[in-house]
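# Chains, contacts and geometry: an overview
What follows is the residue order along each chain.
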Amino acid sequence: MRKKILLLVLLLILCFFAGVLLGSVPLSPLSVLRCLTGYDKDSTAYVLIYTVRIPRAAGAYLAGMGLATSGVLLQYVMNNSLASPNTIGVNSGAGFAVMLALFLGNGQVSRLPAAAFLGALVTSLAIFGLAYMADSSRTTIILAGITVSSFLNAGINTIKILDTDISVNLTSFMIGSLSGITFDKLKIPGTAILTAFLITLLFARSVNVLGLGDDIARSLGLNVPVVRLVVLILSSVLAGCVVSYAGMLSFVGLIVPHICRRLFGNDARYLLPCSALLGASFVLGCDTLGRMLFAPFELPAGVLMSFIGGPFFLYLLLKKKGGRRINA
Amino acid sequence: MLEFCDVSISCGATPILGDISVCFEKGAVTTVIGPNGCGKTTLLQCLNGSSKVTSGTILLDGTDYLAMPFKERARCISFLPQVRTIIPALPVKTLVEHGRFPHLGFSRKKSEKDIAIVNDVMNFTHVDAYAAQYADTLSGGIRQRAFFAMALAQDCDYIVLDEPATYLDLKGQRELTEMILQLKNQGKTVILVLHDLGQALRISDMLVIMQDRKIAATATPKECLRQHIIEDIFDVRLKEFSDGEGCYYFFY
């Protein structure tokens, strides 16, 4: 266990250096080291590192961490291994709210995280309410999520068509992209994501008990409705804030929790921090690769994630032996 | 003593039981029996909040049980529900450790006492050999014992088991009976829902018989037999055999 966690941390550090060194203008490790330690404050490398590469790496870290932990939380709260911000429509809800806020608020950016959070929360409550009312099976929740997603995506497209002034590149917003991130844009969502993540860790044991099913959770003295609401709010903050600056990155919220389940088991106390670590590395790794592959053209991180994550996930699904079966 | 005083209970918005009054003696084994759909599970489910009490009170040793916070309730009564909609993919030991949840403070750190209790109950229910195995890979019987161990890890004076014999083979049922009697000897109060009338007659000090969502009778097994209560309510005939070791019941 400890070894595996150490490997995840190493991967995280490795991804950071890759993200800072590589790109359309490759930097030498030496110049990066000099910049990071404070020399060469006037060089182009210094400007590039501090205004472009590091903010972008931080954005990728936060995005991966937010979406992966949000996915873990949703899987517990819905008792459904297919739940993730993307599959149950939380990302679309946040995306729709972002577009709506841009449309109504004349492009003010500072309110976007709050709008995205509200959009995410309303959507997740709606999906959970639907599931609860219909006493529905696992498949129904996912079907409801897919339906709500496509409905909200239609809304996103409509807004973009009606208001051509909106300063959003729709394609990269809907697929998720980290280009153009600055520290300024990250301030509010980043703080919110980190805070929500820390609170999430405090709830890990309660989340575990929630995963035993409502009846047993109640027998163990868990206040099920309150904990469920808190967890839904936390997962909405995590996913919504990411969508507000990085767009609707898919996949990371589904596959990272599953990979971590296989590596670390189903204990939320390990699953949450490990998913955060792996999610962060995964998004930054994909973003860096996307900048490299066809430079000077840039593939959005979301595209790379689907390219790499999809086949890898299928491989995991097919390879039954050795790994743990995915929890229902 | 656990007393239900004029309790009405509903599931969701549907009222199921009305004005039920029944008393479970401390230190005894009491079994709730009755035909399918008579409301046995609903009656007990209100102890963990799965069914809602709409009027009446429940007194636990004289204090208002429903006024207690959820955690406090889970430290007084451990209730093992019947249905397993979710089989967690967790090692048996981790599952049993969840039974300590109501006793953990905010830091959620396990104390030495927690660890000792978990080891004890795993020993008691004979699941220690499966400690590292995942619950979803085990047979129904062992899984049931693991859940039983989890409920015992709550370390409550009152233990309520809804259909604990489901999933158990004959040997498992015999072991369950032995464990229940041992718990009684340790001073625990055990409340059961059982379908096996013979088992209910053998191990209970008191039987609560439900019919058509009402308490039809509360009586000791001896009285039940003498007054032919079971035969009337379940519409069966009963023969009793006894040898040196105990009584056996045959229904036809």
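Keep in mind it's a predicted model, so treat the numbers as computed, not measured.

Scanning chain B from terminus to terminus reveals nine helices and twelve strands. For 252 residues, the compact-globule estimate of 2.2 N^0.38 gives 18 Å, and chain B sits close to it at 18 Å. Over its C-alpha atoms, taken along the principal directions, chain B stretches across nearly 55 × 45 × 30 Å. When burial is assessed residue by residue, chain B has 53% of its 252 residues classed as buried. In chain B, 65% of the contacts between residues at least 6 apart in sequence involve partners at least 24 apart. With the model as given, the accessible surface of chain B reaches about 11,200 Å², and the carbon-plus-sulfur share is 51%. Once the 26 positive and 30 negative side-chain charges of chain B are each reduced to a mean point, those two points are 5 Å apart.

Looking only at helices and strands, chain A has 14 helices and zero strands in total. The C-alpha atoms of chain A give 20 Å as radius of gyration, which agrees with the globular expectation for 328 residues (20 Å, within 12%). Along the first, second and third principal axes, the C-alpha set of chain A runs to 65 × 55 × 35 Å. Burial statistics for chain A: of 328 residues in total, 55% are counted as buried. When contacts within chain A are restricted to residue pairs at least 6 apart in sequence, those whose partners lie at least 24 apart make up 76%. In chain A, the 24 positive side-chain charges and the 11 negative ones have mean positions that sit 13 Å from each other.

Okay, the sheet that holds strand E4 (residues 52-60) of chain B next. Residues and elements named next belong to chain B. Pairing is antiparallel across the open sheet formed by four strands, whose spatial order is E2-E1-E4-E5. Bordering the open sheet on either side are strand E2 (14-24) and strand E5 (63-64), each of which pairs with just one other strand. Sheet topology note: the strand E1 (residues 2-11)/E4 ladder contains seven bridges and is antiparallel. Residue pairing in the sheet places Ile9 in a bridge with Val53 of E4.

It is worth spelling out the confidence of the model for chain B at this point. A residue-level look at chain B finds 99% of positions with pLDDT of 70 or above and a mean pLDDT of 89. Here the predicted complex scores 0.88 on pTM and 0.90 on ipTM.

Below, the discussion takes up the packing of helix H1 (residues 2-21) of chain A against helix H13 (residues 268-293) of chain A. For any two helices packed against each other, the geometry comes down to the angle between their axes and how far apart the axes lie. Residue and element names in this part refer to chain A. In contact at an axis separation of 9 Å, H1 and H13 are set at 30 degrees when each is read in the N-to-C sense. The orientation of H1 with respect to H13, classified from their angle, is roughly parallel. Regarding H1 and H13, the two cross each other, and that crossing is left-handed. On the side of H1, the interface is formed by Ile5, Leu8, Val9, Leu11, Leu12, Cys15, Phe16, Ala18 and Gly19, while H13 contributes Cys274, Leu277, Leu278, Ala280, Ser281, Leu284, Gly285, Thr288 and Arg291.

The subject of this paragraph is the interface of chain A and chain B. Contacts between the two partners involve 24 residues from chain A, matched on the other side by 30 residues from chain B. Surface buried jointly by chain A and chain B totals about 2,500 Å² across both partners, of which 58% is contributed by carbon and sulfur atoms. Between chain A and chain B we count zero salt bridges in total. Joining chain A to chain B, the criterion identifies seven residue pairs in polar contact (both at pLDDT 80 or more). Elements that contribute at least two residues to the side of chain A that touches chain B include exactly helix H9 (204-210) and helix H10 (214-219) of chain A.

Before going further, it helps to examine the side chain of Glu97 of chain B. All names here are of chain B. Of note, Glu97 is situated in helix H3 (residues 92-97). Given a relative accessible area of 15%, Glu97 falls into the buried group. Dropping the residues within four chain positions of it, Glu97 is found in contact with Lys110 and Val118.

Side chains that carry opposite charge are capable of pairing whenever their charged atoms lie near each other. Applying the stated criterion across every chain yields a total of 15 salt bridges over all chains. Where Lys26 of chain B meets Asp61 of chain B, a salt bridge forms, and the shortest distance between an N and an O atom there is 3.3 Å. Residue Lys26 of chain B is located in the loop between E2 and strand E3 (29-33), and its partner Asp61 of chain B is located in the loop between E4 and E5; the two are separated by 35 residues in the primary sequence. Overall, Lys26 of chain B belongs to the partly exposed group, its relative accessible area being 45%. By relative accessible area, which is 42% here, Asp61 of chain B ends up partly exposed. Where Lys188 of chain B meets Asp155 of chain B, a salt bridge forms, and the shortest distance between an N and an O atom there is 3.5 Å. Note that Lys188 of chain B is positioned in the loop between helix H6 (170-185) and strand E8 (189-193) and Asp155 of chain B in the loop between helix H5 (140-153) and strand E7 (158-162), a separation of 33 residues in sequence. Residue class for Asp155 of chain B comes out partly exposed when judged on its relative accessible area of 34%. What emerges from the salt-bridge pattern is a single network uniting Arg56, Asp287, Arg291 and Glu298 of chain A.

As a further point, take the packing of helix H3 (residues 44-77) of chain A against H13 of chain A. Residues and elements named next belong to chain A. Two elements in contact, H3 and H13, have axes whose closest approach is 7 Å; the angle formed by their N-to-C orientations is 140 degrees. It follows from the interaxial angle that H3 and H13 lie oblique. The handedness of the crossing between H3 and H13 comes out as right-handed. Residue composition of the contact of H3 with H13, grouped by class: 16 nonpolar, four polar and four charged.

Parameters and conventions
Residues numbered from 1 in each chain as written. Chains lettered and ligands numbered in written order. Predicted model: local features only at pLDDT ≥ 70, side-chain atom pairs only at ≥ 80, totals over all residues. Heavy atoms only, no water. Helix = DSSP H or I, 4+ residues; strand = E, 2+ residues; numbered from the N terminus. Rg over C-alpha atoms; globule rule 2.2 N^0.38 Å. Buried < 20%, exposed > 50% of the residue type's maximum accessible area, 1.4 Å probe, protein only. Contact = heavy atoms within 4.5 Å. Areas by Shrake-Rupley, 256 points an atom, 1.4 Å probe, with all protein chains shown as cover. Lys, Arg positive; Asp, Glu negative; His and termini not counted. Charge placed at Lys NZ, Arg CZ, Asp CG, Glu CD. Pairing = 2+ DSSP bridges. pLDDT = per-residue confidence, 0-100. Axes fitted to C-alpha atoms, helices over the stretch in contact; angles between N-to-C directions. Parallel < 35°, antiparallel > 145°, perpendicular 65-115°, else oblique. Left-handed = near helix turned anticlockwise from the far one by under 90°. Buried area = accessible area lost by both parts, 1.4 Å probe. Salt bridge = Lys/Arg side-chain N within 4 Å of Asp/Glu carboxyl O. Polar contact = N/O pair within 3.5 Å; in protein donor to acceptor, adjacent residues only side chain to side chain. Nonpolar A, V, L, I, M, F, W, Y, C, P; charged D, E, K, R; others polar.

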